[in-house]
Amino acid sequence: MGAPPNTKYANVNRAESRGAELVYTLRPTDDSSLLLTYGYQEPRDMDKNRWLLRRPLTNGSIKYTQTWGLHTASVEAVGAGERLDTTGPGGLVQSIPGY
């Protein structure tokens, strides 16, 4: 795949990221587990004094795993919160909804 046409990437000069992550594992039986995660971060472009682009403030997941003898199967759902991104030819910075 790769970047869309006419896309330019640039590193920021100074960035800082602070946050925390919580992880909880529940084992309802010897053969199954439920993993819950939640993350919060504040990724900041220090020069422009704004959040870094394409970095959600919150994210999380839920994962169920089941084992049958030598076989293991998992299903996982992942979500991310609202984030800033640029759109259009003028590079307008706007908020993009989470998923």
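Look above for the structure.
Residues numbered from 1 in each chain as written. Predicted model: local features only at pLDDT ≥ 70, side-chain atom pairs only at ≥ 80, totals over all residues. Heavy atoms only, no water.

1. A word on the environment of Trp68
Here is step 1 of the chain: Turning to its location among the elements, Trp68 is positioned in strand β4 (residues 58-68).
Here is step 2 of the chain: Its relative accessible area of 52% is what places Trp68 among the exposed residues.
Here is step 3 of the chain: For the pair Trp68 and Arg27, spaced 41 residues apart in sequence, the C-alpha to C-alpha distance is 15 Å. (Helix = DSSP H or I, 4+ residues; strand = E, 2+ residues; numbered from the N terminus. Buried < 20%, exposed > 50% of the residue type's maximum accessible area, 1.4 Å probe, protein only.)

2. A look at the pattern of salt bridges
Here is step 1 of the chain: If you walk through the whole model with that rule in mind, you get 3 salt bridges.
Here is step 2 of the chain: Residues Glu16 and Arg18 are paired through a salt bridge, measuring 3.2 Å at the closest nitrogen-oxygen approach.
Here is step 3 of the chain: Note on Arg18: relative accessible area 55%, which makes it exposed.
Here is step 4 of the chain: Across the pair Asp85 and Arg54 runs a salt bridge, and its minimum N-O distance is 3.1 Å. On the criterion of sequence distance, the pair formed by Asp85 in strand β6 (residues 83-87) and Arg54 in the loop between β3 (50-51) and β4 is long-range, its members being 31 residues apart.
Here is step 5 of the chain: Using a relative accessible area of 16% as the deciding quantity, one classes Asp85 as buried.
Here is step 6 of the chain: In this structure Arg54 comes out as partly exposed when scored by relative accessible area, which is 40%. (Salt bridge = Lys/Arg side-chain N within 4 Å of Asp/Glu carboxyl O.)

3. Things to note about a nonpolar patch on the surface
Here is step 1 of the chain: Where nonpolar side chains cluster on the molecular surface, the patch consists of Tyr24, Leu26, Leu36 and Ile62 and spans about 360 Å² of accessible area.
Here is step 2 of the chain: Tracing the backbone through its elements, the reader meets Leu36 in strand β2 (residues 32-45).
Here is step 3 of the chain: Relative accessible area serves as the criterion here: at 35%, Leu36 is assigned to the partly exposed category. (Patch = residues over 30% accessible without salt bridge, like charges linked within 9 Å, V, L, I, M, F, W, Y side chains within 5 Å. Areas by Shrake-Rupley, 256 points an atom, 1.4 Å probe, with all protein chains shown as cover.)

4. Re the packing of aromatic side chains
Here is step 1 of the chain: Counted under the stated rule, the structure contains 0 aromatic pairs.
Here is step 2 of the chain: One Lys or Arg, Arg44, reaches over the ring of Trp51 and ends 4.3 Å from the middle of that ring. (Phe/Tyr/Trp six-rings, centres within 6.5 Å; stacked < 30°, edge-to-face > 60°. Lys NZ or Arg CZ within 6 Å of the ring centre and 35° of its normal.)

5. Here we look at the environment of Ala77
Here is step 1 of the chain: With respect to the secondary-structure elements, Ala77 resides in strand β5 (residues 71-80).
Here is step 2 of the chain: Taking the relative accessible area as the measure of exposure, Ala77 reaches 44% and is therefore partly exposed.
Here is step 3 of the chain: In the structure, Ala77 is positioned 17 residues away from Gly60 in sequence and 8.5 Å away in space, judged by C-alpha atoms.
Here is step 4 of the chain: Dropping the residues within four chain positions of it, Ala77 is found in contact with Gly60, Ser61 and Ile62. (Contact = heavy atoms within 4.5 Å.)

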